[in-house]
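Spelled out, the chains give:
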Amino acid sequence: QQQVKQSPQSLIVQKGGISIINCAYENTAFDYFPWYQQFPGKGPALLIAIRPDVSEKKEGRFTISFNKSAKQFSLHIMDSQPGDSATYFCAAKGNNQGGKLIFGQGTELSVKP
Amino acid sequence: EAGVTQFPSHSVIEKGQTVTLRCDPISGHDNLYWYRRVMGKEIKFLLHFVKESKQDESGMPNNRFLAERTGGTYSTLKVQPAELEDSGVYFCASSQGGFSYNEQFFGPGTRLTVL
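Residues numbered from 1 in each chain as written. Chains lettered and ligands numbered in written order. Predicted model: local features only at pLDDT ≥ 70, side-chain atom pairs only at ≥ 80, totals over all residues. Heavy atoms only, no water.

### Brief notes about the state of the cysteines
- This structure, assessed with the given rule, holds two disulfides over all chains.
- Each disulfide pairs two cysteine sulfurs, and for A:Cys23 the partner residue is A:Cys90, the sulfurs being separated by 1.9 Å. Given an S-S torsion of about -95°, the disulfide between A:Cys23 and A:Cys90 has left-handed geometry. You can see A:Cys23 sitting in strand E3 (residues 19-25) and its partner A:Cys90 sitting in strand E9 (residues 86-94), a full 67 residues away along the chain. You'll find A:Cys23 and A:Cys90 in the same group, each marked buried.
- Between B:Cys23 and B:Cys92 runs a disulfide, and the two sulfur atoms are separated by 1.8 Å. Negative torsions about the S-S bond denote left-handed disulfides, and the value of about -60° found for B:Cys23 with B:Cys92 makes this one left-handed. (Disulfide = S-S within 2.5 Å. Helix = DSSP H or I, 4+ residues; strand = E, 2+ residues; numbered from the N terminus. Buried < 20%, exposed > 50% of the residue type's maximum accessible area, 1.4 Å probe, protein only.)

Next comes the structure, spelled out in structure tokens:
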């Protein structure tokens with residue numbers, strides 16, 4: 001049972017465009033939603049995270065939008081660059097589950113020059 | 001400061017053999033996690049250590065998997081005997097203790113292939 005569903009599986013964007021990756025969850029006990037970025041040969045690295053008490057969080061070109069009622073959250077990458085080409089994972093954590101992260105399936109982003 | 005390291009980076013073994021993966025967390029991190037990603041699927045939680053104690057092993061697939069964390073430092077994950085479905089990338093992550101929302105730092109992973 002997939003607790004966090006991520007789409008699309010792959011995404012091709014032109015340089016300068018906006019990349020959008022979406023995630024949906026079922027468990028209302030989730031209260032922490034991080035996004036991880038993974039380059040080939042490396043482990044996932046925390047990119048940006050949000051708690052459900054805010055609807056948006058922005059760090060540079062990266063923005064998380066959060067819709068608590070719809071149980072959805074998304075990552076927007078503005079002015080996408082070839083260096084952003086990587087696999088992106090959304091994740092969620094419950095408030096009574098220690099540090100256990102539940103991940104989505106990942107999105108392979110390719111930004112074309 | 002050194003990050004999370006994992007050894008080996010790749011392992012190819014025959015079905016029925018034994019493999020041991022090692023993870024060295026960031027020094028001082030009490031929390032150590034193991035995750036696995038089977039090709040193209042989500043990264044799945046396996047287990048969580050707090051120092052040398054298993055806090056949560058709800059994600060361990062079956063009793064062919066044995067994880068240990070010696071003295072609260074490095075950890076090993078042994079698969080015995082390995083099956084074809086055990087193939088995947090095994091990630092280790094560590095975080096500081098005291099707050100379950102502390103950032104988890106991931107190692108580069110061990111790619112395990114069972115033939």
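### Quick look at the environment of B:Tyr33
- Tracing the backbone shows B:Tyr33 in strand E4 (residues 31-37).
- When its relative accessible area of 1% is taken as the criterion, B:Tyr33 is described as buried.
- For the pair B:Tyr33 and B:Phe106, spaced 73 residues apart in sequence, the C-alpha to C-alpha distance is 8.9 Å.
- In this view, B:Tyr33 contacts A:Gly99, A:Lys100, B:Phe45, B:Leu47, B:His48, B:Phe91, B:Cys92, B:Ala93, B:Ser95 and B:Gln104; residues no more than four positions away in its chain are not counted. (Contact = heavy atoms within 4.5 Å.)

By themselves, these are just geometric observations and shouldn't be taken as functional.
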